[in-house]
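Here is how the chains run, residue by residue.
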Amino acid sequence: MKKISRRGIAVLLLTLVLTAGMVLFLFTWTQNAKDWLLFSGSPHVYRDGRPALTQVKDRDGETLLSYSPALAYGDTPLRRAATMHLLGDRSGNIPPAFSQEYLLPLTGYDAINGLAGAGERVLTLTISARVQETALQALGNHKGTVAVYNYETGEILCAVTSPTFDPDSPPDLTTDLTGAYDGVYLNRFLHGRYTPGSIFKLVTTTAAMEYVPDIFARTFICEGEMEFGVDKVICAGNHGEVDVKTALAKSCNCAFAQIALLVGAENLTKTAESLGLTSTFTVDGITTAKGQFDLSADAPVNVAWAGIGQYTDLVNPYAFLRFMGTIAGGGQGAEPYFVRRAGSYMAKTTLTPQLFSQETANGLTAFMQNNVNTIYGAWQFPDIEVCAKSGTAEVGEGLLPHATFAGFCANDAFPLAFVVVAENAGAGSDICAPIAAKVLHACVEELAR
Ligand SMILES: [Zn+2]
């Protein structure tokens, strides 16, 4: 009996150990199965160190990239160059503009079946390859970026970066002395930071509308320059007495110096921050670069220049595009994104918080419409009701300024917001308005398809 009971105890102990082991295994399995299957060397998920997607397509179903059997980009050199910064290059110097977080739905992974349910592996982007091509051609030899998104849905139709190259015949950067490829690895839309110039006056105007109750009743005097002790703010014109609407249309630096001081450093900073211009964003798993607006304990002349979009101001094109979408949307717009679909993942529209009042949005819209009607010329944008602001950003002695242009179409049929930056290209509206016009018309055609 003693022997049997000893054996019984031994068996019982073994059973307990086995059960404990099973429980531990099941626990770690439920916790870690995903990581085990999707580890970076997994042949089910990766091929040659890249996610083993079958294809990346654009919004029209055009194949931009196939991974299988070998990595192949689009059909023409123009298409390959125009989409390279979204897809990544062959050498891995330029990463794709969407993260590996989309691997999971693409693998078809679920907790019960593991990878057994993996279906067709296609990642569909919201961009249009055709519009990308139009934008790259419109930018010509300028470095910079052109981006357009649907401010009601959040879909980015265009996000071109220049310089770029055909990933099937990359240039030899070590021997290039022309500077044509400077910064070519940078996705300027997501990771660029630019001195904005006068497009930043939209931020100062937003702050004025939100914080200065009688802003519409006030006028400002421009005599071509404004002295601050030994420093001064210089205007491109001598505009006399202007209200805020005319000051914005004529892009009067003297008036905006006074408006910036009226709003004050604290409220200007608060506005730049609340508009997201000093924040990073996570777009399809990729973190954007954050802009800069720094007026801690600064002299009035610096507050003035900061409100004009100079001083140490820097903006990221993605964040500024989002700001344009919120003006168009009455103080609230859709968050911009690239990935429409990946396996079982379907993008959903996410709205920004209400960043400023509907009344302020209406005011900005009317002003930006007035800019186009009285200064840039509505003839440049037939039938698309563009509201905009241009900028000519001084970036240093001996350098041509950055030309900037941002705005949106005030029409429900084509809810498009845009931003254009042409580096060291000259005057904002001269250079950028024709680029914006070409790309917006291509987008309108795209939406009608
Ligand atoms: Zn002026």
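Preceding this section is the structure that the text describes.
Residues numbered from 1 in each chain as written. Predicted model: local features only at pLDDT ≥ 70, side-chain atom pairs only at ≥ 80, totals over all residues. Heavy atoms only, no water.

(A) The overall build of the chain, seen in detail. In terms of regular secondary structure, the chain is built from 13 helices and 19 strands. With respect to the three principal axes, the spread of C-alpha positions in the chain is 110 × 55 × 45 Å. Counting only contacts in the chain whose residues sit at least 6 apart along the sequence, the fraction spanning at least 24 positions is 67%. Accessible surface, the chain as shown: approximately 19,800 Å² in total, 55% of it carbon and sulfur. Considering the chain, the positive charge centre built from 31 side chains and the negative charge centre built from 43 side chains are found 15 Å apart. (Helix = DSSP H or I, 4+ residues; strand = E, 2+ residues; numbered from the N terminus. Contact = heavy atoms within 4.5 Å. Areas by Shrake-Rupley, 256 points an atom, 1.4 Å probe, with all protein chains shown as cover. Lys, Arg positive; Asp, Glu negative; His and termini not counted. Charge placed at Lys NZ, Arg CZ, Asp CG, Glu CD.)

(B) The packing of aromatic side chains, seen in detail. Going through the model one piece at a time under the given rule, you end up with eleven aromatic pairs. Ring centres of Phe200 and Phe293 lie 5.3 Å apart, and the angle between their planes is 15°; this geometry places the pair in the stacked category. Placement of the pair is Phe200 in the loop between helix H5 (188-191) and helix H6 (201-211) and Phe293 in the loop between strand E14 (286-287) and helix H10 (300-307), with a sequence separation of 93 residues. Joined through ring pairs, the aromatic side chains of Phe189, Phe281, Tyr318 and Phe338 make up one cluster. (Phe/Tyr/Trp six-rings, centres within 6.5 Å; stacked < 30°, edge-to-face > 60°.)

(C) Quick peek at the sheet that holds strand E15 (residues 339-342). Read from one edge to the other, the open sheet built from six strands follows the order E5-E4-E3-E6-E15-E16, with strand pairing classed as mixed. Only two strands of the sheet have a single neighbouring strand rather than two, namely strand E5 (72-73) and strand E16 (345-346). Bridging between E15 and E16 involves two bridges; their strand directions are antiparallel. From the neighbouring strand, Ala342 faces E16, where its bridge partner is Tyr345. Of the strands in this sheet, strand E3 (55-57), strand E4 (63-66), E5 and strand E6 (122-125) touch helix H2 (residues 77-87), which is tilted by about 60° from E4. (Pairing = 2+ DSSP bridges. Axes fitted to C-alpha atoms, helices over the stretch in contact; angles between N-to-C directions.)

(D) Examining the coordination of the zinc ion more closely. Those protein atoms acting as donors to the zinc ion are Cys222 (SG), Cys235 (SG), His239 (ND1) and Cys252 (SG), and they sit at 2.1 to 2.3 Å. Taken together, the four donor atoms coordinating the zinc ion and their angles of 100 to 116° define a geometry best described as tetrahedral. Ordering the donors of the zinc ion by residue number gives the pattern C-x12-C-x3-H-x12-C. Separated by 30 residues along the polypeptide, Cys222 in strand E9 (residues 220-222) and Cys252 in the loop between helix H7 (244-249) and helix H8 (253-263) bring together distant segments of the chain. (Donors = N, O, S within 2.8 Å, 3.2 Å for Na, K, Ca; no water. Tetrahedral: all angles 85-135°; square planar, octahedral: opposite > 155°, others 65-115°.)

(E) Geometry of the packing of H6 against H8. At their nearest, the axes of H6 and H8 sit 10 Å apart, and the two run at 45° to each other. Between H6 and H8, the angle is such that the two are oblique. The hand of the H6/H8 crossing is left-handed. Between H6 and H8, the residues in contact are Lys201, Thr204, Thr205, Ala207 and Ala208 and Asn253, Phe256, Ile259, Ala260 and Val263, respectively. Across the contact of H6 with H8, the residue classes tally to six nonpolar, three polar and one charged. (Parallel < 35°, antiparallel > 145°, perpendicular 65-115°, else oblique. Left-handed = near helix turned anticlockwise from the far one by under 90°. Nonpolar A, V, L, I, M, F, W, Y, C, P; charged D, E, K, R; others polar.)

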